[in-house]
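Coordinate inspection notes
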Amino acid sequence: MSNALEDLYQTIILEQAKARTGEGIEEHSDGSSHQVNPTCGDEITVQVDLDGDRVSALRWEGDGCTISMASASILSELAVGWDIDTARDRITTFRTVMRSRGAAELPEEEFEDGIALNGVSRFIMRVKCAMMSWVAFEDALAQALATGASHATGTTSAGVSHC
Amino acid sequence: MSNALEDLYQTIILEQAKARTGEGIEEHSDGSSHQVNPTCGDEITVQVDLDGDRVSALRWEGDGCTISMASASILSELAVGWDIDTARDRITTFRTVMRSRGAAELPEEEFEDGIALNGVSRFIMRVKCAMMSWVAFEDALAQALATGASHATGTTSAGVSHC
Amino acid sequence: MTSPSVSKTSPEALTLAEVTRIREDFPIFGRQVNGHPLVYLDTAATSQRPLAVLGAMRSFDLQHNGSVHRGAHTLAAESTELFETVRAEVAAFLGADADEVVWTKNATEGLNLIASAFVNASAGRGGPDADIFALHPGDEILITESEHHSNLVPWQEVSAHTGATLRWIPLGDDGELRLDLLDDLLTERTRVVAFAQVSNVLGGIVPVSRIVARAREVGALTVLDVCQSAPHLPLDLHTLGVDFAALSGHKMLGPTGVGCAYGRRELWKAMPPFLTGGSTITTVTMDHTDFIDPPERFEAGTQMTEQVVGLGAAVRYLQQVGMPRIAAWEQMLGTRLAEGVTTIPGVRLLGPSAGRPRTGLVSVDVEGVHAHDVGQLLDAQGIAVRVGHHCAQPVHHRYGVTASTRASTYLYNTPSEVDAFLDALSGVRHYFGVGA
Amino acid sequence: MTSPSVSKTSPEALTLAEVTRIREDFPIFGRQVNGHPLVYLDTAATSQRPLAVLGAMRSFDLQHNGSVHRGAHTLAAESTELFETVRAEVAAFLGADADEVVWTKNATEGLNLIASAFVNASAGRGGPDADIFALHPGDEILITESEHHSNLVPWQEVSAHTGATLRWIPLGDDGELRLDLLDDLLTERTRVVAFAQVSNVLGGIVPVSRIVARAREVGALTVLDVCQSAPHLPLDLHTLGVDFAALSGHKMLGPTGVGCAYGRRELWKAMPPFLTGGSTITTVTMDHTDFIDPPERFEAGTQMTEQVVGLGAAVRYLQQVGMPRIAAWEQMLGTRLAEGVTTIPGVRLLGPSAGRPRTGLVSVDVEGVHAHDVGQLLDAQGIAVRVGHHCAQPVHHRYGVTASTRASTYLYNTPSEVDAFLDALSGVRHYFGVGA
Ligand SMILES: Cc1ncc(COP(=O)(O)O)c(C=O)c1O
Ligand SMILES: Cc1ncc(COP(=O)(O)O)c(C=O)c1O
Ligand code: FES
Ligand code: FES
């Protein structure tokens, strides 16, 4: 088994995929987004609540591969407490690194356990897996800001252009 | 200039293309067919009159390349006097030889000047030129037989499958 | 590893020695993937191509390339001749006539072409000749629950455009179509029946003639998706008696970018044009177009000439090896796969159980491990399988999964490659810390 | 032979030495035709391909071939990466963004794809988003009298399906579009304007921005056929500001079987699906499909992967040589052709007179000799030109002929090849015993 595979499936990833922190959605949320990964058919719904301009809660529900579940779980741990600007900033960084084909890394001070996802960027077919929850988060945030508090649920696809 | 070209453009062909024997259609005919050669857009209309089961007249009008005009002209010279069976037989022979890619030749006793068209079969893109009037003749005959005496004018294309 | 019963091949099957020699025609099999020799078990997605196919395309490009059915110079004539010769060869391979074969870019385009006849005729295009394709509310289109999206979504579109109802033959728990329901589903209201001879997820072989016989009784047109059968089984479309069929060249040793649709001559003739433009016409004025006879009527624009040439070489290669021998070899591999996966704990075979008619294709669900993770682990060992929904979400939904792991073979695969797959599969749940 | 004025090239043009070196990349030019060295003047039908293009396709096949956007194994990942990289390269070549480029099998499919939006939206497909494409009786579609059938017949079909009226900008006696009539023809009723930047018969270069500016004034969508311009002139679609465009790879050093359609991002998003099936979807159940975002929404089934790879190599080749230098070289050849044919008795130049903007393409009518006979005589001397209606019957009809003889150049043609053509053309009427 090659090293690259161990880069992908680090112990933290396997653990987070099992832990599924933040799993379980509710009827109401400030913003909610449903994303589909068209290559595999996996889906996720991410809900956010805001307290002023701060993320006060992030919940999700969905199914997918180890990478997607770990990524959603890690996101849940990170996002609560971020203000809108920080959230946007982190999403951009995450996207840039995931798309970098191994050229960039997530900064540890900002992403903590998330740096275990660094290996994903070298697996082009798995980038969407890691991105799916983050795209849903981005969209849910946008909805929360657009509608104030509502139950809007957008369905868009985590297509190439989104990731 | 290669020999093959002289095989194609024999003196008889050049002369017949100028002579255009049988050119000029009339308002009435027993059978009439309009054919288009889709590769070049050239068109021909062939009219036949029958006297019992014998071709009593063949007229045509159209424009096209040297080969197509020569072929129509030669056909006009040959066809008058043929009975239906002979006509069908000659059409079949003509088609077989034209499609033969140089492997077969028209019998001189049956085709007279027509043997000048033998060279065409080696020029796959010109086979339709030689065939166009013969396909129209075949179709006009069929119409004459189907409708008795009428003015029916069928329009079909001298496509690959017809030639 | 878990040891499947020793595989028996019928006397007509290829021998291992022959397969070993065949493999030399495919240089890609010399490649290493992640430090392991490539084990290619993804032919159902796309096959590899032998040197004969690459060579035919290259020598076409280096010596003959000209525009087909356009102009009269020597290169154009040579290209046209090659192009039409291959049409006849592919037709013969399928048990059809040359003028019944229409070139398409892939099977999906072929199925859309066929479906378009119903949309266009229902909108009044094509005149009275095309009435046979006109659908109305109350009419029914019958497909199956195991169709590839390419033989499903186009029919949803036909239904949306025409008001005809889409119905389908469901799948049973045994991984086979519920043909016991055929007489209830295929009725006087049914105008078209579209189905695959071999499902690209389940691998089972559908009894085509049973469905065709019933369709004939009620006067419904039949459309057969032969994407997963034509490359692997001897096929004779005239004998099967279907009205239409479609396939892709890239699944049968040919290049990407070429496929074909088969139709009965009279049906093509009655069909309104599909894509229009260059080559589809006889006479064009600014406000009117006369369309040419099939097959050209449906071949709009400059065709995939060099890919057609490649497909010709592919078909000649397959015929030289012999389709019955390929089918027998793959049946052996398919049985070995089906039996093998059945013995692995936590692995569920989707589709007919081992022993039922199948090609060399199995899909499995690994309990507790997502198919993409399975595929990743296999890839790390050089084993290329397909993971995902394989463009057939309803089949997966039917069996309660989103995605599966599929191994699919061809004439170039060996029993030891099958064993390498089975071996790696046995280790998956352990790697991800699932199960015993 | 009649001697055309000595051709001048602008300083930026290729040099003969460079062209001589470029020719070495095209082994087919070493071929003899009927005992003469091949003089290939039929690029407007299809271009020849350099070794770099053949090599790129071959090494893809030998090393990487896997299914794009399907599955996750190494070959599939490598193929997907290559495929999407080329999309970005071709987009950059055209002055567009990657997600604005949709792969098609040829330009004809691209133009049909664009036209289909109007048919489908008018039939209510695509919902309110697609309203921008819905046409009604009273609406007008504007094309030109010089269009290739592929940019004419699809619009006749749109008109037949929707009841919108098809109008066209006529050609003048001078071989150019009557743009003086533009304001009368392009009105508030006009919803789409579709036209070619360069006619494949006349060779003149149409002032795109003038038409686009007028279309914008009235809110009409613009569709630009760049088949004969993108291969020969520097092009920037964003700067031109057109809404849609289409081209074929085989006319620009690429393989057959691949082309692309360009569209502004928002327009692709609003467009209902075209061919449907595998790859065009996100979620499919038996009775409903959600379609994926563009460009994939319009790329049904397994794509022409290896041809896309080949087109990428073609575009890189063109960019290394430099489009402005190619354009300048071809302008020189075009002028030499136009001036040359003008001096031959009994030969009439179709299209703009020498000196007006044109690419390296001329079509002529030889008085008293049918174009196919002209072509045959030239072919006997190894000279490959296109004869016939070049899929543009209305243009020929406009100038009172059924067929014409066309010589068209590319970066690999030399002035002496042009002269060989002019020489042979001078002998045609004599051979057929016509004229003095
Ligand atoms: C101006 C123009 N438009 C459209 C086409 C159609 O291209 P294709 O036949 O590759 O689809 C061509 C070439 O034949 C052309 O020259
Ligand atoms: C059964 C079946 N039908 C249709 C298709 C579609 O083929 P393509 O993607 O080549 O158009 C496939 C393969 O993907 C298939 O397996
Ligand atoms: S495979 Fe579906 S999200 Fe990873
Ligand atoms: S070229 Fe038109 S008939 Fe010969």
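Residues numbered from 1 in each chain as written. Chains lettered and ligands numbered in written order. Predicted model: local features only at pLDDT ≥ 70, side-chain atom pairs only at ≥ 80, totals over all residues. Heavy atoms only, no water.

**Structural notes on the overall build of chain A**
Assigned secondary structure in chain A consists of six helices and four strands. Beginning at the N terminus, the succession of helices and strands in chain A can be written as α-α-β-β-β-α-α-α-α-β. For chain A, with 163 residues in total, the buried portion stands at 58%. Within chain A, residue pairs in contact and separated by at least 24 positions form 65% of the contacts whose partners lie at least 6 positions apart. (Helix = DSSP H or I, 4+ residues; strand = E, 2+ residues; numbered from the N terminus. Buried < 20%, exposed > 50% of the residue type's maximum accessible area, 1.4 Å probe, protein only. Contact = heavy atoms within 4.5 Å.)

**Observations regarding the arrangement of the chains**
The top pair by number of contacts, from a total of five pairs of chains in contact, is chains C and D. At the level of C-alpha atoms, the two units chain A and chain B stay apart, their nearest approach being 43 Å.

**Side note on the site of ligand 2**
Taken together, 14 residues form the shell around ligand 2, and within it Thr108, Asp225, Ser248 and Lys251 of chain C together with Thr302 of chain D come nearest. Near ligand 2, the surrounding residues belong to chains C and D. Thr108 of chain C has a polar side-chain atom sitting 2.5 Å from an oxygen atom of ligand 2. At 2.5 Å from an oxygen atom of ligand 2 is found a side-chain nitrogen or oxygen belonging to Ser248 of chain C. When ligand 2 is considered free in solution it has 390 Å² of accessible area, and contact with the protein chains removes 98% of it. For ligand 2, the cavity whose grid points lie within 2 Å of the majority of its atoms is the largest cavity. Class assignment for the residues of the shell around ligand 2 results in two nonpolar, ten polar and two charged. (Near = heavy atom within 4 Å. Polar contact = N/O pair within 3.5 Å; in protein donor to acceptor, adjacent residues only side chain to side chain. Areas by Shrake-Rupley, 256 points an atom, 1.4 Å probe, with all protein chains shown as cover. 1 Å grid on protein atoms, 1.4 Å probe; cavity = no way out; pocket = protein on both sides within 12 Å on 5 of 7 lines; lining within 4 Å. Sits in = over half its atoms within 2 Å of the grid points. Nonpolar A, V, L, I, M, F, W, Y, C, P; charged D, E, K, R; others polar.)

**Overview of empty space enclosed by the protein**
Summed over the entire model, instances satisfying the criterion amount to eleven cavities of 30 Å³ or more. One number sums up the size of the largest cavity: a volume of about 270 Å³. Here the lining of the largest cavity gets three residues from one element, more than from any other, and that element is helix H4 (residues 107-122) of chain C. When the residues that make up the lining of the largest cavity are grouped by side-chain class, the tally is eight nonpolar, 14 polar and five charged. Forming the boundary of the second largest cavity are 25 residues, of which His148, Asn200, Cys227, Gln228 and Lys251 of chain D lie nearest the centre. If you tally residues by element for the lining of the second largest cavity, the top one is helix H4 (residues 107-122) of chain D, at three residues. Here the lining of the second largest cavity is composed, by residue class, of seven nonpolar, 13 polar and five charged. (Points joined across faces, edges and corners; volume = space filled by probe spheres on them.)

**Brief notes about the site of ligand 1**
The immediate surroundings of ligand 1 are formed by 14 residues, with Thr108, Asp225, Gln228, Ser248 and Lys251 of chain D found nearest. Looking at what sits near ligand 1, you find residues from chains C and D. Between ligand 1 and Ser248 of chain D, the relevant distance is 2.5 Å, taken from an oxygen atom to a side-chain nitrogen or oxygen of the residue. Here an oxygen atom of ligand 1 and a side-chain polar atom of His250 of chain D are 2.7 Å apart. Protein coverage of the free-state accessible area of ligand 1, which is 390 Å², stands at 98%. Looking at the shell around ligand 1 residue by residue, the class counts come to two nonpolar, ten polar and two charged.

**Overview of the relation of the copies chain C and chain D**
After a rotation of 180° and a shift along the axis of 0.0 Å, chain C superposes on chain D with an RMSD of 0.0 Å. Look at the turn and shift together and you get a two-fold axis relating the two. Rotation axis and chain C: the residue whose C-alpha lies nearest the axis is Gly257 of chain C, separated from it by 2.9 Å. A shared interface surface links the copies, since 100% of the contact residues of chain C are contact residues in chain D too. (Least-squares fit on C-alpha atoms with pLDDT ≥ 70 in both.)

**Quick word on the interface of chain C and chain A**
Facing 15 residues of chain C, the contacting portion of chain A comprises 18 residues. On the chain C side of the contact with chain A, His372, Gln376 and Tyr431 of chain C bury the most area, a combined 35% of that side's loss. Run the count over chain C and chain A and you get one salt bridge. We note a salt bridge from Arg126 of chain A to Asp373 of chain C, for which the minimum N-O separation is 2.9 Å. Our count for the chain C to chain A interface comes out at eight residue pairs in polar contact (both at pLDDT 80 or more). A per-element tally of the side of chain C that touches chain A places helix H12 (residues 371-379) of chain C first, with four residues. By residue class, the composition of the side of chain C that touches chain A is five nonpolar, nine polar and one charged. (Buried area = accessible area lost by both parts, 1.4 Å probe. Salt bridge = Lys/Arg side-chain N within 4 Å of Asp/Glu carboxyl O.)

**Overview of the packing of helix H11 (residues 323-342) of chain D against helix H14 (residues 415-426) of chain D**
All names here are of chain D. At a minimum axis separation of 10 Å, H11 and H14 run at an interaxial angle of 20°. Here H14 runs roughly parallel to H11, going by the angle between their axes. In the packing of H11 onto H14, the handedness of the crossing is right-handed. Within the contact between the two elements, H11 uses Trp329, Met332, Leu333, Arg336, Leu337, Gly340 and Val341 and H14 uses Pro415, Val418, Asp419, Phe421, Leu422 and Leu425. Across the contact of H11 with H14, the residue classes break down as ten nonpolar, one polar and two charged. (Axes fitted to C-alpha atoms, helices over the stretch in contact; angles between N-to-C directions. Parallel < 35°, antiparallel > 145°, perpendicular 65-115°, else oblique. Left-handed = near helix turned anticlockwise from the far one by under 90°.)

**A word on H4 of chain D**
Because each turn of an α-helix spans 3.6 residues, side chains separated by three or four positions in sequence point in the same direction. All names here are of chain D. Across its 16 residues, H4 extends 23 Å between first and last C-alpha, which sits within 8% of the 22 Å expected from 1.5 Å per residue. With 15 of its 16 residues buried, H4 lies for the most part within the structure. The backbone nitrogen of Thr108 has a side-chain oxygen 3.2 Å away, supplied by the residue at the start of H4, namely Asn106. (Expected span 1.5 Å × (residues − 1).)

**Remarks on helix H2 (residues 11-19) of chain B**
Residue and element names in this part refer to chain B. Of all the residues in H2, the buried ones are Ile13, Gln16 and Ala17. What you see down the axis of H2 is that its buried residues fit within an arc of 100°, all on one side. H2 presents Thr11, Glu15 and Lys18 as exposed residues on the side facing more than 90 degrees away from its buried surface. Phi for Arg20, located one or two positions after H2, is positive at around 50°. (Arc of directions from axis to C-beta.)

**Remarks on the domain arrangement of chain C**
All names here are of chain C. As far as domains go, chain C holds domain 1 (16-48 + 322-431) and domain 2 (58-319). Relative to domain 2, the C-alpha centre of domain 1 lies at a distance of 28 Å. In this complex, domain 1 contributes 41 residues to the contact, which on the side of domain 2 involves 35 residues. For the pair domain 1 and domain 2, the two sides together bury roughly 3000 Å², of which 56% comes from carbon and sulfur. The largest share of the area that domain 1 buries against domain 2 comes from Met323, Thr359 and Arg398, three residues that together contribute 20% of it. Put simply, domain 1 and domain 2 have 25 residue pairs in polar contact (both at pLDDT 80 or more) between them. Along the lines of polarity and charge, the residues of the side of domain 1 that touches domain 2 split into 20 nonpolar, 15 polar and six charged. (Domains from an automatic or database assignment.)

**So, the sheet that holds strand S4 (residues 101-104) of chain C**
The strands making up a sheet are joined through hydrogen bonds of the backbone, oriented either antiparallel or parallel. Residue and element names in this part refer to chain C. Pairing is mixed in the open sheet, where seven strands are placed in the order S4-S10-S9-S8-S7-S5-S6. Looking along the sheet, the strands with just one partner apiece sit at the ends: S4 and strand S6 (165-169). In this sheet, adjacent strand axes meet at a mean angle of 20° when their direction is disregarded. Of the strand pairs in this sheet, S4 and strand S10 (residues 259-263) are connected by four bridges, and their pairing is antiparallel. (Pairing = 2+ DSSP bridges.)

**Re the side chain of His148 of chain C**
Along the chain, His148 of chain C turns up in the loop between strand S5 (140-144) and helix H5 (153-162). Using a relative accessible area of 17% as the deciding quantity, one classes His148 of chain C as buried. Those residues in contact with His148 of chain C that lie beyond four places of it in its chain are Asn200, Asp225, His390, Cys391 and Ala392 of chain C together with Gly278 of chain D.

**Topic: the interface of chain C and chain D**
Across the boundary between the two partners, chain C contributes 94 residues, which contact 94 residues of chain D. Roughly 7400 Å² is buried in total at the junction of chain C and chain D, and carbon and sulfur atoms are behind 54% of that figure. Area buried by chain C at its contact with chain D is led by His73, Lys105 and Met286 of chain C, which between them contribute 11% of it. One can count ten salt bridges joining chain C with chain D.

**Here's the deal with the pattern of salt bridges**
Taken as a whole, this structure holds 74 salt bridges over all chains when the rule is applied. Two residues, Arg264 of chain C and Glu266 of chain C, come together in a salt bridge whose shortest N-O distance is 2.4 Å. Among the residues examined, Glu266 of chain C registers a relative accessible area of 47% and is labelled partly exposed. Here the salt bridges do not stand alone but share partners, grouping Arg20, Glu23 and Asp63 of chain A into one network.

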